[in-house]
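Observations on chain architecture
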Amino acid sequence: MQGALRSAYWRQLAVFGLAIIGVQLIYWLLIDPRLHADRSQAPPPMEIVETSVARIAEPTLEAAAKGDYKPIELPWTHCCDTAIFSVRIAFKVDKVPADGLGIISTLQVDNYRMAVNGSTLYARGRMQPGRVSFDGQTTFLTRIPAGLLRPGVNQLNYVTVRNGYPYTDIYPPIISEFGALERFSSRRLFLINGFYGLSAAVLGMLGLLAAIMIFRSDDWRFAAWLSALCAAFVAYMTYSLWLDPPVDGWGRMLAFFAIYLFIPTALLCFIDSWTRQPMRGLQPVMLTLYGTTMAVIAWHIYRVPMPQGFDTPTSIWIWYLMGSTIFVIARLIWHFASQKEDRLIESVLLTVMATALAFDAFGSWFPQWGLGEGNLLNSSVFLLLAMTAAFLARNFRLFQSQGALNAMLQAKVEQREAELAEAAQREQALIRQQTLDEERRRIMRDLHDGLGSQLMSIMLSARVGVAEPAVVAEGLQSVIDEMRLMVDSMDSVGESLSSALATFKARVQPRIEATGIAFEWHEDPAIADVADFGPRDVLQIFRVLQEAVTNALKHAGGSRIAVRAVREGQGLVLTVDDDGKGINTTGEAGRGLTNMQLRAASVQGHVAVEPGAGGKGTRITLSLPMRGTVAAE
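Along each chain, residue indices are assigned from 1 in the same order as the chain's sequence is written. pLDDT decides what is reported in this predicted model: residues at 70 or higher carry local features, side-chain atom pairs at 80 or more are listed and counted, and totals for whole chains, interfaces and linings draw on all residues regardless. Each side-chain value is worked out from all heavy atoms of the structure, with water and hydrogens disregarded.

1. Digging into the environment of Tyr27
To keep things clear, this is the line we draw: Helix and strand definitions here come from DSSP, where helices need a minimum of 4 consecutive H or I residues and strands a minimum of 2 consecutive E residues; each element is numbered from the N-terminal end. Residue exposure (1.4 Å probe, protein chains only): buried if accessible area is under 20% of the type maximum, exposed if over 50%, otherwise partly exposed.
Position of Tyr27 relative to the elements: it lies in helix H1 (residues 2–31). Of the residues examined, Tyr27 reaches a relative accessible area of 3% and is grouped as buried. Taking the C-alpha atoms as reference, Tyr27 lies 8.0 Å from Val352; in sequence the two are 325 residues apart.

Following this line, the structure appears as structure tokens:
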């Protein structure tokens, strides 16, 4: 067992090592070279034959023309005060190219003006000491038109101003045929100008996403330091591109050290949080060290005379950068040596970032090695994009597996369905109870007002001795009719209007004809297609018709009762006609008519009582609107 575990450990370590080597080679051999110009392909430069410099009082070409020039060798450096110089560089052109020459100026000054043979080529921003802008910090390609050049010696003139950093540094410009120089420098110029802007935008979005992750992710420290690291890179890129900040040269110098030193600080704390087991006190100690270092640097910049006020912070910066690099590498080595790590992609990306930081540190410490600078800055957008993608795919809750999300949502749906079913059952039980209570009260009213009153009349007649057999028989017949009505009202009578009408006809026809009264029935065939009324509605319609027929039998005294059911327009009309003595329609409605009106209203219908045809007898009309879908005729 131990042998198998040991073998698995070495296999994992081999995979990890190969992944580190592979990604390092991919970045440093394929990606990083794309960010730099190949100096071996540089076009042949124009020959510089003479260089001289004069200190002048005003940053103008007019003042430069009157300067007292002294010969110098490039590169040339001056320290340590606010200085305005005019630098003259004579270069030789054997034959003027048709598309002119190109020039890339490399000056460490706050701002400058540039002229060739007395004609201004470049003039941006402000040049007055105390209100100077920092346009001179950008590197770009300027075209010298062929019309300004002449065969032989030409004169290039720089007017420079330095009002912040103590050193004025003038390096030889690159002057060559414009097209060739443009092709050679386009990639490098894009990197230090356009690429920084694009990188700042991307890293700003990553930083914002990381800030949101602080509140949405379990690993909030990792998200917080990822956001801080992105913010540090964005701040440095903004520093490089913001040429007119609301600070003077000393404030811009302090901003440089503050931003640049925070990058390795944030990277170390970022890696420490990523390990899932942060070292106790490491992050507070690093923040304290960073704050103390910046306080020392600020004191030197504002309180110590130049050049020491700049040189000492520069030395501190180099030492801090090297120390941070050692801590970053040591933290990664300790983590991989002491913990089993399964985050292969993230681990490899962190080693690339550590390597880029090491190149920056050793490049500053040993400039003769030619390692360059800005390696971590150039790699930041690629590495942090990949790092964030790997982290989100592994940890962020919005990227949980589809199965887990479906299971969670299904559980919530089932819980909600159970709650709704329980609520529906309670509502149905309440409706059933209310219906039963209402039906119980109706039956009690019918017993009291119908059967009760009629039986009481018969009993009183018998007690006083005036109960004639015919009167008693008629009273008992009324009681029986009332009981039948009550029994019928408690029956469902059918599930549709057509079946209810069939039941109604089957019950009333024998009863009417048994009394010697003629019965007529007319039903529109379209009634069979009506699908508007449910069982409860059908029962109410059945009761209204029963009440109308019973009233005709008891009170009309006629020889014919006719029932008619037809469709008229968008409604149904049901009528009960008799040819009896008629009914008084001007007085107060009786109990039977009131009951019919209430029942009709419960199904959105209306009951009308009027004289029959020719003014003879009574017609009771039940009008019903159709509220839903009716089958096609």
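2. Examining the sheet that holds strand S3 (residues 76–78)
Convention followed: Should DSSP find at least two bridges between two strands, the strands are regarded as paired.
Ordered in space as S3-S11-S6, the three strands form an open sheet in which the pairing is antiparallel. Edge strands, defined here as strands with exactly one partner in the open sheet, are S3 and strand S6 (107–108). Strand direction decides the pairing type here: S3 and strand S11 (residues 168–170), joined by three bridges, are antiparallel. From the neighbouring strand, Thr77 faces S11, where its bridge partner is Asp169.

3. A look at the nonpolar core
As a rule of thumb, nonpolar side chains are buried together in soluble globular proteins. As a reminder of what qualifies: What makes a nonpolar core is a set of buried Ala, Val, Leu, Ile, Met, Phe, Trp, Tyr and Cys residues whose side-chain atoms join them at distances within 4.5 Å. Note on contacts: a residue pair qualifies if any of its non-hydrogen atoms lie within 4.5 Å across the two residues.
Formed by 63 residues in total, the largest nonpolar core has its most connected members in Phe257, Phe270 and Leu384. Elements with a minimum of two residues in this core: helix H4 (194–216), helix H5 (220–241), helix H6 (249–274), helix H7 (282–303), helix H8 (308–338), helix H9 (344–365) and helix H10 (375–395). Ranked by residue count, the leading element in this core is H6, at 14 residues. If sequence neighbours within four positions are ignored, Phe257 has contacts with Met294, Ile297, Ile301, Phe310, Pro313, Thr314 and Trp317. Counting residues in hydrophobic clusters, the runner-up holds 36 residues, among them Ala548, Val549, Val576 and Leu593.

4. A word on empty space enclosed by the protein
Selection rule: Only protein atoms enter the calculation, which uses a 1 Å grid: trapped sets of points that fit a 1.4 Å probe without letting it out are cavities, open sets showing protein on both sides within 12 Å along at least five of seven lines are pockets, and any residue with an atom within 4 Å of a point is a lining residue. Grid points are joined across faces, edges and corners, and a volume is the space filled by probe spheres set on the points. The residue classification treats Ala, Val, Leu, Ile, Met, Phe, Trp, Tyr, Cys and Pro as nonpolar and Asp, Glu, Lys and Arg as charged. All others, Gly included, are polar.
Counted by the stated rule, this structure contains two cavities of 30 Å³ or more. Roughly 30 Å³ of volume is contained in the second largest cavity. Val544, Leu545, Ala548, Leu574, Thr575, Val576, Ile620, Thr621 and Leu622 are the residues that line the second largest cavity. Elements supplying a minimum of two residues to the lining of the second largest cavity: helix H14 (535–556), strand S15 (571–578) and strand S17 (618–625). Residues that form the lining of the second largest cavity fall into these classes: seven nonpolar, two polar and no charged.

5. Here we look at H4
Which entries qualify depends on this criterion: To estimate how far a helix should extend, the number of its residues minus one is multiplied by 1.5 Å.
Along its 23 residues, H4 runs 33 Å from first to last C-alpha, staying within 8% of the 33 Å computed at 1.5 Å per residue. Taken residue by residue, H4 has Phe195, Tyr196, Ser199, Ala200, Leu203, Leu206, Gly207, Ala210 and Met213 as its buried positions.

6. Observations concerning unusual backbone geometry
In terms of backbone geometry, most residues other than glycine have negative phi values and most peptide bonds are trans. Here Cys79 and Cys80 are connected by a cis peptide whose omega angle stands at 25°. Looking at where Cys80 falls in the secondary structure, it is placed in the loop between S3 and strand S4 (83–93). Backbone torsion omega between Met306 and Pro307 reads 10°, so that peptide bond is classified as cis. Within the fold, Pro307 resides in the loop between H7 and H8.

7. What to know about the state of the cysteines
Inclusion rule: Pairs of cysteine sulfur atoms within 2.5 Å are identified as disulfides in what follows.
A complete count under the given rule lists one disulfide for this structure. At a sulfur-sulfur separation of 1.5 Å, the disulfide partner of Cys79 is Cys80. Disulfide Cys79-Cys80: the torsion about the S-S bond is 100°, which places it as right-handed. Cys80 sits in the partly exposed class, given a relative accessible area of 25%.

8. As for the pattern of salt bridges
The condition that has to hold: Between Lys or Arg on one side and Asp or Glu on the other, a salt bridge is scored when a side-chain nitrogen of the former is within 4 Å of a carboxyl oxygen of the latter.
This model, assessed by the stated rule, comprises eight salt bridges. The salt bridge partner of Glu419 is Arg416, with a shortest N-O separation of 3.2 Å. Separated by three residues within a single helix, Glu419 and Arg416 lie in helix H11 (residues 402–464), roughly one turn from each other. Overall, the relative accessible area of 48% leaves Arg416 in the partly exposed class.

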